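# Observations on the three-dimensional arrangement
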Amino acid sequence: MIHSSHTRRDIIDIIETFKLPIKYNDVDKNVLFQITDEYINKLKDLDGNIDDLIHIKNYLSSINQNKIKINDRDKYIEIAKNLIFYVKNGCLLSYTNYLCEDELKRDVRELCKYCSLPTVLRAVNMINNSNKFKEYFEPILNGKTKVLLRKRQEKRLKKLNNLRVKTKEENGGQPFWVYFD
């Protein structure tokens, strides 16, 4: 059963992301929830991946974590921007409002809970990649965000793997000519 805290837009995003054959135009929210729930429960896997299906079922059956108050969301994004600024300026506290690294770590730990916001996820990843701290800050992502990031990564890797270098032998012994205009 899909939890009532999810919005119609959340369900439409899932339908579009996974290209589910569900018609959602001119459909009431409750009807859309029922149709989507029935369809997802009939599935054995999602694009050949059972883990994605389990994540989506768990995500839809639990309370929507994306429901953050606008004031809170703006506060977390502002903290994330400060952390990005901190990393881009060589991880020096003198460029920030923080008086010590403990305050900064406290904010990063707090932000890890809201990594469904792209700016927050970027800030946490930049802090982790800076190697400034021995501690690794684990970004907590909801199921939908995990799946979207994994699909984006797979698409990028697929694109990279399609690049191919031809040899002279494959070109029938003819040399390649490269022209620059």
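To keep things clear, this report deals only with the structure shown in the data block.

### Details of a nonpolar patch on the surface
- Residues Phe-85, Leu-92 and Tyr-95 make up a contiguous nonpolar surface patch of roughly 310 Å² in combined accessible area.
- Along the polypeptide, Phe-85 turns up in helix H4 (residues 70–88).

### A short note on the environment of Thr-96
- Within the secondary structure, Thr-96 sits in the loop between H4 and helix H5 (101–111).
- Given a relative accessible area of 15%, Thr-96 falls into the buried group.
- For the pair formed by Thr-96 and Leu-83, sequence separation is 13 residues and the distance between their alpha carbons is 8.3 Å.
- A distance of 2.8 Å separates the side chain of Thr-96 from the backbone oxygen of Leu-93, its partner in a polar contact.

### Considerations on the nonpolar core
- By size, the foremost hydrophobic cluster in this structure holds 26 residues, and its most contacted members are Leu-83, Leu-104, Leu-111, Val-120 and Ile-127.
- Among the secondary structure elements, those contributing two or more residues to this core are H4, H5 and helix H6 (118–129).
- Per-element tally for this core: the top contributor is H4, with seven residues.
- Those residues in contact with Leu-104 that sit more than four places away from it in its chain are Leu-83, Tyr-86, Leu-93, Tyr-98, Ile-127 and Phe-133.
- Judged by nonpolar contacts, the second largest core, of 18 residues, contains Ile-11, Ile-12, Ile-15 and Val-147.

### Brief notes about the pattern of salt bridges
- One pass over the structure, following the stated rule, counts eight salt bridges.
- Of the charged contacts in the structure, one is a salt bridge between Lys-113 and Glu-110, with a shortest N-O distance of 3.6 Å.
- A relative accessible area of 29% places Glu-110 in the partly exposed class.
- A salt bridge links Arg-150 to Glu-154; the shortest N-O distance between them is 2.5 Å. Here Arg-150 and its partner Glu-154 are both found in helix H7 (residues 143–161), four residues apart, which amounts to about one turn of the helix.
- With a relative accessible area of 27%, Arg-150 lands in the partly exposed category.
- Here the salt bridges share partners, and the residues they tie into one network are Arg-9, Asp-13 and Glu-16.

### Some remarks on helix H3 (residues 50–61)
- The terminal C-alpha atoms of H3 lie 17 Å apart, and with twelve residues this matches the ideal 16 Å at 1.5 Å per residue to within 8%.
- If you check which residues of H3 are buried, you get Asp-52, Leu-53, Ile-56, Tyr-59 and Leu-60. Within H3, the buried residues cover an arc of 130 degrees as seen down the axis, which keeps them to one side.

### Some points on the packing of aromatic side chains
- For the structure on display, the rule yields two aromatic pairs.
- When the centroid spacing of 4.1 Å and the interplanar angle of 15 degrees are considered together, the rings of Tyr-76 and Tyr-114 count as stacked. A residue pair is termed long-range when its members are at least 10 positions apart, and Tyr-76 in helix H4 and Tyr-114 in the loop between H5 and H6 qualify at 38 residues.
- Measuring from ring centre to ring centre gives 6.0 Å for Phe-133 and Phe-137, while their planes differ by 85 degrees; the resulting arrangement is edge-to-face. Phe-137 shares its class with Phe-133; the two are buried.

### Some points on the packing of H4 against H6
- Their axes nearest at 8 Å, the elements H4 and H6 cross at an angle of 30 degrees. The orientation of H4 with respect to H6, classified from their angle, is roughly parallel. Where H4 crosses over H6, the two elements pack in a sense that is left-handed. The segment H4 lies against H6, with Tyr-76, Ile-77, Ala-80, Lys-81, Leu-83, Ile-84, Tyr-86, Val-87 and Lys-88 engaging Thr-119, Val-120, Arg-122, Ala-123, Met-126 and Ile-127.

### Some thoughts on the packing of H4 against H5
- It is the contact of H4 with H5, at a shortest axis distance of 11 Å, that shows an interaxial angle of 130 degrees. Taken together, the axes of H4 and H5 lie oblique to each other. Judged by the twist between their axes, the crossing of H4 over H5 is left-handed. Residue-level inspection shows Tyr-76, Ile-79, Ala-80, Leu-83 and Tyr-86 of H4 in contact with H5, the latter providing Glu-101, Leu-104, Asp-107, Val-108, Glu-110 and Leu-111.
- Of the residues contributing to the contact of H4 with H5, the split by class is eight nonpolar, no polar and three charged.

Each value, and the rule that gives it
- Residues numbered from 1 in each chain as written.
- Predicted model: local features only at pLDDT ≥ 70, side-chain atom pairs only at ≥ 80, totals over all residues.
- Heavy atoms only, no water.
- Patch = residues over 30% accessible without salt bridge, like charges linked within 9 Å, V, L, I, M, F, W, Y side chains within 5 Å.
- Areas by Shrake-Rupley, 256 points an atom, 1.4 Å probe, with all protein chains shown as cover.
- Salt bridge = Lys/Arg side-chain N within 4 Å of Asp/Glu carboxyl O.
- Helix = DSSP H or I, 4+ residues; strand = E, 2+ residues; numbered from the N terminus.
- Buried < 20%, exposed > 50% of the residue type's maximum accessible area, 1.4 Å probe, protein only.
- Polar contact = N/O pair within 3.5 Å; in protein donor to acceptor, adjacent residues only side chain to side chain.
- Core = buried A, V, L, I, M, F, W, Y, C linked by side-chain atoms within 4.5 Å.
- Contact = heavy atoms within 4.5 Å.
- Expected span 1.5 Å × (residues − 1).
- Arc of directions from axis to C-beta.
- Phe/Tyr/Trp six-rings, centres within 6.5 Å; stacked < 30°, edge-to-face > 60°.
- Axes fitted to C-alpha atoms, helices over the stretch in contact; angles between N-to-C directions.
- Parallel < 35°, antiparallel > 145°, perpendicular 65-115°, else oblique.
- Left-handed = near helix turned anticlockwise from the far one by under 90°.
- Nonpolar A, V, L, I, M, F, W, Y, C, P; charged D, E, K, R; others polar.

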